[in-house]
Amino acid sequence: MARFRRFLALALLAALSGCSLFEGSGTPSPTDSSPAPLPSAVAGLGSPVKEVSDATFQSPSKNIVCALTTVTVRCDILDKSWSPPPQPEDCQQAWGNGMFLESGKAGFTCAGDSLAGSATQTLEYGQALRAGSIRCDSTARSLTCEDSKSGHGFALARANYDLF
């Protein structure tokens, strides 16, 4: 819980200083090197949903670590075989090592930190967590987070990703 509070404090400081832990908010333009998209309709398939106000969790493989609140979710992926779109000029930190969903928009992270080692629980395959309008579902194929208000979100897996 202390690490999660530090993450929130850093996010607040970054916002107040004009920086952002999260950069990019659009869908990358497809290129020949883009991975095949994952199905994004994982949410709502009957997974048991646990309501929370905040959570730091990892996938069963321990390859994806997320910090979820009622207004945002950030997931870092530790090992991936895909590449994010080109790094924006305004991102001066590590680019594309995860994804975020905030204010109804999803994108790639631009962050100087990592969520690795911060998980306090494992979101087992077939389970889901919801905080506010944000729901994250864990399946053997991907970890998918979606904002029910906007319909936007992302799916992360070792082999591919999807922004929707």
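The sections below set out a description of the structure shown in this document. Values in this document were obtained by computation on a predicted structure and should not be read as measured data. (Residues numbered from 1 in each chain as written. Predicted model: local features only at pLDDT ≥ 70, side-chain atom pairs only at ≥ 80, totals over all residues. Heavy atoms only, no water.)

All told, the structure shown has four aromatic pairs when counted by the stated rule. With 4.6 Å between their ring centres and 55 degrees between their planes, Trp82 and Tyr161 make a pair best called tilted. Highlighted residues: Trp82 in the loop between strand E4 (72-77) and strand E5 (94-102) and Tyr161 in strand E12 (residues 161-163), separated in sequence by 79 residues. Trp82 gets classed as buried once you look at its relative accessible area, which sits at 5%. Here Tyr161 falls in the buried class, since its relative accessible area comes to 7%. The cationic tip of Lys80 hangs over the ring face of Trp82; the distance from NZ or CZ to the ring centre is 5.4 Å. (Phe/Tyr/Trp six-rings, centres within 6.5 Å; stacked < 30°, edge-to-face > 60°. Helix = DSSP H or I, 4+ residues; strand = E, 2+ residues; numbered from the N terminus. Buried < 20%, exposed > 50% of the residue type's maximum accessible area, 1.4 Å probe, protein only. Lys NZ or Arg CZ within 6 Å of the ring centre and 35° of its normal.)

Per the counting criterion, the structure on display carries three disulfides. What pairs with Cys91 in a disulfide is Cys110, and their sulfur atoms sit 2.0 Å apart. The disulfide joining Cys91 to Cys110 has a torsion of about 100 degrees about its S-S bond and is therefore right-handed. Taken together, the positions of Cys91 in the loop between E4 and E5 and Cys110 in strand E6 (residues 105-111) put the pair 19 residues apart, joining distant regions of the chain. Residue Cys91 is classed as buried on the basis of its relative accessible area of 2%. (Disulfide = S-S within 2.5 Å.)

This paragraph deals with the side chain of Asp147. Assignment of secondary structure puts Asp147 in strand E10 (residues 143-147). Here Asp147 sits buried without a salt bridge, and the closest side chain of opposite charge, Lys149, lies 6.4 Å off (N-O distance). Within the structure, the side chain of Asp147 is placed 2.9 Å from the side chain of Ser133, a separation counted as a polar contact. Leaving out residues up to four positions away in the same chain, Asp147 has contacts with Leu101, Gly104, Ser133, Ile134 and His152. (Lys, Arg positive; Asp, Glu negative; His and termini not counted. Salt bridge = Lys/Arg side-chain N within 4 Å of Asp/Glu carboxyl O. Polar contact = N/O pair within 3.5 Å; in protein donor to acceptor, adjacent residues only side chain to side chain. Contact = heavy atoms within 4.5 Å.)

A few words on the sheet that holds E12. With respect to topology, six strands assemble into an open sheet ordered E1-E8-E9-E10-E11-E12, the strand pairing being mixed. In this open sheet, the two edge strands, each paired with only one partner strand, are strand E1 (49-51) and E12. Averaged over all pairs of adjacent strands, the angle between strand axes in this sheet comes to 15 degrees, irrespective of strand direction. With three bridges connecting them, strand E11 (residues 153-156) and E12 associate as antiparallel partners. Within the sheet, the bridge partner assigned to Ala155 lies in E12 and is Asp162. (Pairing = 2+ DSSP bridges. Axes fitted to C-alpha atoms, helices over the stretch in contact; angles between N-to-C directions.)

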